[in-house]
Amino acid sequence: MPKRILSGIVTSDKTDKTVTVLVERKVKHPLYGKIIRRSKKYHAHDEANEFTVGDIVRIEETKPISKTKTWAVKDRVVAGGTQAIEADLDVEAASN
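Residues numbered from 1 in each chain as written. Predicted model: local features only at pLDDT ≥ 70, side-chain atom pairs only at ≥ 80, totals over all residues. Heavy atoms only, no water.

**Remarks on the overall build of the protein**
Then comes step 1: Within the protein, the secondary structure is distributed over zero helices and five strands.
Then comes step 2: A burial count over the protein gives 20% of its 96 residues as buried.
Then comes step 3: Nonlocal contacts in the protein, meaning residues at least 24 apart in sequence, comprise 48% of its contacts between residues at least 6 apart.
Then comes step 4: When the accessible surface of the protein is summed, it comes to about 7800 Å², and 52% of that surface belongs to carbon and sulfur atoms. (Helix = DSSP H or I, 4+ residues; strand = E, 2+ residues; numbered from the N terminus. Buried < 20%, exposed > 50% of the residue type's maximum accessible area, 1.4 Å probe, protein only. Contact = heavy atoms within 4.5 Å. Areas by Shrake-Rupley, 256 points an atom, 1.4 Å probe, with all protein chains shown as cover.)

As structure tokens, then:
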């Protein structure tokens, strides 16, 4: 049986060798037909502690690693987190 692969955003990396990944999916409401978002958090194994908050990652289903961990991070899709931006602001005083 093939392993499921999901894509989501890392929301927490505080635990050792584990990241929490938020996976969102869109479903159609059974009665009203409106498209609504459903989300679920998964604990995924991160052996090298290399993924940080804000990264978009793919996780793969594995055999149970611990009580709550049955997923492993496969790879990073987009790097996130905080990025330094150099601001060059030249403000001229308006003297009239």
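**Description of unusual backbone geometry**
Then comes step 1: Residues other than glycine seldom take positive phi values, yet K17 does so here, at roughly 60°.
Then comes step 2: Looking at where K17 falls in the secondary structure, it is placed in the loop between β1 (5–12) and β2 (18–28).
Then comes step 3: With relative accessibility at 32%, the residue K17 sits in the partly exposed group.
Then comes step 4: The phi dihedral of N49 falls on the positive side, at around 50°, and the residue is not glycine.
Then comes step 5: By the secondary structure assignment, N49 is in the loop between β3 (35–45) and β4 (56–61).
Then comes step 6: Judged by relative accessible area, which is 41%, N49 ranks as partly exposed.

**What to know about the pattern of salt bridges**
Then comes step 1: This model, assessed by the stated rule, comprises five salt bridges.
Then comes step 2: In this structure, R76 engages D55 in a salt bridge whose closest nitrogen and oxygen atoms are separated by 3.1 Å. A residue pair is termed long-range when its members are at least 10 positions apart, and R76 in strand β5 (residues 69–78) and D55 in the loop between β3 and β4 qualify at 21 residues.
Then comes step 3: Judged by relative accessible area, R76 falls into the partly exposed class, the value being 34%.
Then comes step 4: Notably, a salt bridge pairs R58 with D75, separated by 3.0 Å at the nearest N-O pair. (Salt bridge = Lys/Arg side-chain N within 4 Å of Asp/Glu carboxyl O.)

**Points about the side chain of D55**
Then comes step 1: Note on D55: relative accessible area 2%, which makes it buried.
Then comes step 2: Polar side-chain contacts of D55 include one of 3.1 Å to the backbone nitrogen of T52. (Polar contact = N/O pair within 3.5 Å; in protein donor to acceptor, adjacent residues only side chain to side chain.)

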